[in-house]
Amino acid sequence: QVQLVESGGGLVQPGGSLRLSCNVAGSNFDIDRMAWYRKGPEKERELVASIGSSGKIYYLDSVKGRFTVSSDTAKTELQMNNVKPEDTAVYYCFVVIGWRDYWGQGTQVTVSS
């Protein structure tokens, strides 16, 4: 059974940095795509960043130049620099393995002074 375990959320001041990690366990197959979504207060869920098995990377416009997504065989990380209050959200790890997709439990990121 595939499980995604996230870590790294918390409270950070504007302009600070935070690193989110997502470990993928229980898969016997290669991961096709890894991504990070977020859902802020009274906002729709949105795709923040993704990285495919080919190495193609996508970033939400508002995080370009501030966030960096990376991955290896069974892990993805989201490095968040120069965070802003509008980055406050629950961040979810998402992976696609074959024809199935999986979600992490979510980790809260709060940007506040």
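Everything below is about the structure shown above.
Starting from 1, residues in each chain are numbered consecutively following that chain's sequence as written. Local features in this predicted model are restricted to residues of pLDDT 70 or higher, and side-chain atom pairs are both shown and tallied only at a pLDDT of 80 or more, whereas totals for entire chains, interfaces and linings draw on every residue. The basis for the side-chain values is all heavy atoms of the structure; hydrogens and waters are excluded.

A. Focus on the overall build of the protein chain. The way it works is that DSSP assigns letters per residue, a run of H or I at least four long becomes a helix, a run of E at least two long becomes a strand, and they are numbered from the N terminus. Of regular secondary structure, the protein chain possesses 0 helices and 11 strands. When its helices and strands are written in sequence order, the protein chain yields β-β-β-β-β-β-β-β-β-β-β. This radius of gyration counts C-alpha atoms alone. The globule rule is 2.2 Å times how many residues there are, raised to the power 0.38. For 113 residues, the compact-globule estimate of 2.2 N^0.38 gives 13 Å, and the C-alpha radius of gyration of the protein chain, at 13 Å, lies within 12% of that figure. With respect to the three principal axes, the spread of C-alpha positions in the protein chain is 45 × 25 × 25 Å. Buried means the residue's accessible area, taken with a 1.4 Å probe over protein chains only, is under 20% of the maximum for its type, while exposed means over 50%, and partly exposed covers the values in between. By the burial criterion, 43% of the 113 residues in the protein chain qualify as buried.

B. A look at the side chain of T88. Structurally, the position occupied by T88 is in the loop between β8 (75–80) and β9 (89–97). Take T88: its relative accessible area is 17%, and that puts it in the buried class. Separated by 2.9 Å, the side chain of T88 and the backbone oxygen of P85 make a polar contact. Within the local environment of T88, its side chain forms a polar contact with the backbone nitrogen of V111, the two atoms lying 2.9 Å apart. If sequence neighbours within four positions are ignored, T88 has contacts with G40, P41, Q108, V109, T110 and V111. Polar contacts, as used here, are pairs of N or O atoms within 3.5 Å; protein pairs need one atom able to donate a hydrogen and one able to accept it. Residues neighboring in sequence count only if both atoms are side-chain atoms. Only heavy atoms enter the contact rule, under which two residues are in contact if any of them lie within 4.5 Å.

C. Representation of the nonpolar core in the model. Ranked by internal contacts, the top residues of the largest apolar core, which has 29 residues, are W36, L78, Y91 and V95. Elements that contribute at least two residues to this core include exactly β3 (18–25), β4 (33–39), β5 (46–52), β7 (67–72), β8, β9 and β11 (107–111). Broken down by element, this core gets its largest block of residues, 5 residues, from β9. Filtering out sequence-adjacent residues up to four positions away, L78 remains in contact with L18, R19, L20, W36, V48, A49, F67, T68, V69 and Y91. Buried residues of nine kinds, namely Ala, Val, Leu, Ile, Met, Phe, Trp, Tyr and Cys, make up a nonpolar core once their side-chain atoms join them within 4.5 Å. A35, Y37, L47 and V96 belong to the second-largest nonpolar core, a separate cluster that totals 5 residues.

D. Focus on the pairing of β7. Strands are labelled as partners when DSSP assigns at least two bridges between them. As paired strands, β7 and β8 are joined by 6 bridges and run antiparallel to one another. Following the sheet pairing, S71 is matched in β8 by T76.

E. Here's a closer look at the state of the cysteines. Any pair of cysteine sulfurs within 2.5 Å is marked as a disulfide. Counted according to the given criterion, the structure contains 1 disulfide. The residue that forms a disulfide with C22 is C93, at a sulfur-sulfur distance of 2.1 Å. Between C22 and C93 the disulfide shows an S-S torsion of about -80 degrees. By sign, it is left-handed. Of the two residues, C22 is situated in strand β3 and C93 in strand β9; the sequence distance between them amounts to 71 residues. With relative accessibility at 0%, the residue C22 sits in the buried group.

F. Structural detail: the side chain of E6. Inspection of the secondary structure puts E6 in strand β1 (residues 3–7). Within the buried set, E6 has no salt-bridge partner at all; the shortest N-O distance to an opposite charge, 11 Å, is to R45. Here T107 takes part through its backbone nitrogen, which lies 3.4 Å from a polar atom of the side chain of E6. When neighbours within four sequence positions are excluded, E6 is seen to be in contact with S21, C22, W36, Y91, Y92, C93, G104, Q105, G106 and T107. In summary, the charge assignment counts Lys and Arg as positive and Asp and Glu as negative, without counting His or the chain termini. Salt bridges, as used here, are contacts in which a Lys or Arg side-chain nitrogen is within 4 Å of a carboxyl oxygen on Asp or Glu.

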